[in-house]
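Structural overview
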Amino acid sequence: MGGEGLRAIGQQEIRDIIVGATFLGAGGGGSPRTGSLLAEKIESVTLVDLDEVPNDADVCVVAGMGSPVVLRKIGWMDEQIVALERLEEVTGRKFDFLVPVEIGAFNSVTPLQAGAVKRRMVVDADGAGRAVPELQMTTFELFGISASPIALADRNGNSAILYVQNTPTGERIARAVTTEFGMQAGIACYAMKGKQLKTAAIGSTLSLAEKVGRAIRNARNSGENIVEIVAEVVGGVVIEVGTVVKKTEEVKNGFDYGRVYVGETVVDYKNENMIAWKKGKPVVMVPDLICWITTSGQPLTNADLDEGMEVAIIGIKADKKWSEKNGFELFRSVLRSIGYEGEYQPLRD
């Protein structure tokens with residue numbers, strides 16, 4: 001989807017984006033509840049196609065970092081806007097275009113809200129085409145764009161600027177700073193030019209999220225089979241439909257690791273879904289998407305998934321930019337940590 005150039009979006013479009021982004025977040029990307037609360041602050045924001053961004057334009061990522069549990073408990077106070085202001089101060093650049101780091105119910109909305117407040121355009125694109133657990137697991141990283149400097153801000157006026165040699169180091173230090181900030185921080189990083197953005201970003205992802213959300217809304221009203229409709233909209237494969245018979249989870253190093261059992265399929269996640277197994281063999285893995293939706297049409301994050309739910313697992317092929325530079329390597333260490341030592345096996349139709 002795309003080709004709409006420049007358009008103003010309002011409450012209905014943003015609500016659809018949140019629903020669709022919850023699905024495309026592949027189990028992560030933040031709580032739709034928090035995203036919806038943030039969206040209520042937005043009257044209108046301008047969305048621009050990736051191809052319409054001038055090559056010499058200044059662009060950056062704005063997002064939120066931290067604990068989803070804390071976020072749900074204490075709410076969001078526009079920390080990403082302060083982080084954006086700090087990044088502009090230290091770089092001496094005004095970022096007329098903002099872009100999401102990922103697609104998810106919360107981090108698709110943080111740049112939209114910042115764009116609405118600061119009167120900046122938001123690019124209909126992101127750095128993953130899904131949600132990811134760590135800052136370096138993006139196509140921005142894959143195509144050699146530096147995340148440094150990284151600006152972080154909390155709700156109390158504290159901020160930090162990180163100058164780092166590489167993004168994995170930036171991720172670790174940013175997590176440590178976020179912990180000191182009370183497990184929640186706004187973040188601005190990946191300062192780039194429009195030409196770099198167009199090379200590295202995955203385009204039309206906010207439009208896709210909106211399309212998914214709208215399809216779910218319409219299907220609920222018409223009583224159609226929502227699972228089949230959503231799979232068709234995203235060009236996905238229905239891996240399994242059944243009951244969540246078991247879910248295990250533990251928190252390690254600030255991440256939620258878990259395993260979900262549905263019928264013959266087992267899904268392992270680190271915040272986001274990483275790999276799905278069927279009869280002991282991998283059927284879909286990162287960077288391809290493994291997405292949850294209830295049979296009644298409610299997209300789910302892993303935090304919202306409970307035993308006894310009737311769900312569908314839908315696999316979606318990752319954007320081709322992930323395979324251009326062997327993006328699987330960015331996820332290899334995560335897969336090893338949950339027991340997969342093999343090579344990337346692409347999703348089959």
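Up top is the structure.
First things first, this report covers the structure right here in the doc. Computed from a prediction, not measured in an experiment: that's the story for all the values here.

This paragraph deals with the overall build of the chain. Secondary structure assignment for the chain yields twelve helices and 17 strands. In terms of C-alpha radius of gyration, the chain reaches 19 Å, essentially the compact-globule figure of 20 Å for 349 residues. Seen through its principal axes, the chain has C-alpha atoms that stretch 55 × 40 × 40 Å. Within the chain, buried positions represent 57% of all 349 residues. Restricting to contacts in the chain with at least 6 residues of sequence separation, those with at least 24 account for 75%. In the structure as shown, the chain presents an accessible area of about 13900 Å², 47% of it carried by carbon and sulfur atoms. Seen as two clouds, the 38 positive and the 46 negative side-chain charges of the chain have centres 2 Å apart.

Applying the stated criterion across every chain yields a total of five aromatic pairs. Measuring from ring centre to ring centre gives 5.1 Å for W76 and F106, while their planes differ by 80 degrees; the resulting arrangement is edge-to-face. With a gap of 30 residues between them, W76 in the loop between α3 (68–74) and α4 (79–91) and F106 in the loop between β4 (97–99) and α5 (110–118) connect regions that are remote in the sequence. Just above the ring of F255 sits the side chain of K270; from NZ or CZ to the centre is 4.2 Å.

Taken together, eight strands build an open sheet; the order of strands is β14-β13-β12-β11-β10-β17-β15-β16 and the sheet is antiparallel. The sheet is open, and its two edges are formed by β14 (281–285) and β16 (299–300), each paired on a single side. Judged from the six bridges that link them, strand β11 (residues 255–262) and strand β12 (residues 265–270) form a sheet pairing that is antiparallel. Opposite R259, over in β12, you have D268 as the bridge partner. Across the sheet, helix α1 (residues 11–24) is in contact with β15 (289–294), β16 and β17 (310–316); its angle to β15 comes to roughly 125 degrees.

Interaxial distance between α1 and helix α2 (residues 32–39) falls to 10 Å at its minimum, and their mutual angle equals 165 degrees. Judged by the inter-axis angle, α1 sits roughly antiparallel to α2. As α1 packs across α2, the resulting crossing turns out to be right-handed. Where α1 approaches α2, its residues Q11, I14, I18 and T22 are matched on the opposing element by P32, G35, S36 and A39. Residue composition of the contact of α1 with α2, by class: four nonpolar, four polar and no charged.

Another point: the pattern of salt bridges. It is possible for side chains bearing opposite charge to pair when their charged atoms get close. Scanning the entire structure with this criterion turns up 19 salt bridges. Between D96 and K94 there is a salt bridge whose closest N-O contact spans 3.5 Å. Between E264 and K279 there is a salt bridge, with the nearest N and O atoms lying 3.9 Å from each other. In this pair, E264 is assigned in the loop between β11 and β12 and K279 in the loop between β13 (272–278) and β14, connecting sequence segments 15 residues apart. With relative accessibility at 66%, the residue K279 sits in the exposed group. When salt bridges that share partners are traced, they join R7, E210 and R214 into one network.

With that out of the way, let us pick up the nonpolar core. Soluble globular proteins tend to pack their nonpolar side chains together in the buried interior. Core analysis: the biggest nonpolar cluster contains 55 residues, and V99, V123, F140, I150, L152, Y190 and L197 have the highest contact counts within it. Element by element, the count of residues in this core is highest for strand β8 (residues 184–193), at five residues. In terms of nonpolar packing, the next biggest core, distinct from the first, is built from 37 residues, I14, F23, A209 and C291 among them.

Once that is clear, we can look at α2. Because an α-helix packs 3.6 residues into every turn, residues spaced three or four apart end up facing the same way. Within the span of α2, buried status applies to P32, T34, G35, L38 and A39. The buried residues of α2 occupy an angular sector of 160 degrees when the element is viewed end-on, so they sit on one face. Turned more than 90 degrees away from the buried face of α2 sit R33 and L37, all of them exposed. Capping the start of α2, S31 holds a side-chain oxygen 3.0 Å from the backbone nitrogen of R33, two or three residues further along.

Cut-offs used in this document
Residues numbered from 1 in each chain as written. Predicted model: local features only at pLDDT ≥ 70, side-chain atom pairs only at ≥ 80, totals over all residues. Heavy atoms only, no water. Helix = DSSP H or I, 4+ residues; strand = E, 2+ residues; numbered from the N terminus. Rg over C-alpha atoms; globule rule 2.2 N^0.38 Å. Buried < 20%, exposed > 50% of the residue type's maximum accessible area, 1.4 Å probe, protein only. Contact = heavy atoms within 4.5 Å. Areas by Shrake-Rupley, 256 points an atom, 1.4 Å probe, with all protein chains shown as cover. Lys, Arg positive; Asp, Glu negative; His and termini not counted. Charge placed at Lys NZ, Arg CZ, Asp CG, Glu CD. Phe/Tyr/Trp six-rings, centres within 6.5 Å; stacked < 30°, edge-to-face > 60°. Lys NZ or Arg CZ within 6 Å of the ring centre and 35° of its normal. Pairing = 2+ DSSP bridges. Axes fitted to C-alpha atoms, helices over the stretch in contact; angles between N-to-C directions. Parallel < 35°, antiparallel > 145°, perpendicular 65-115°, else oblique. Left-handed = near helix turned anticlockwise from the far one by under 90°. Nonpolar A, V, L, I, M, F, W, Y, C, P; charged D, E, K, R; others polar. Salt bridge = Lys/Arg side-chain N within 4 Å of Asp/Glu carboxyl O. Core = buried A, V, L, I, M, F, W, Y, C linked by side-chain atoms within 4.5 Å. Arc of directions from axis to C-beta. Polar contact = N/O pair within 3.5 Å; in protein donor to acceptor, adjacent residues only side chain to side chain.

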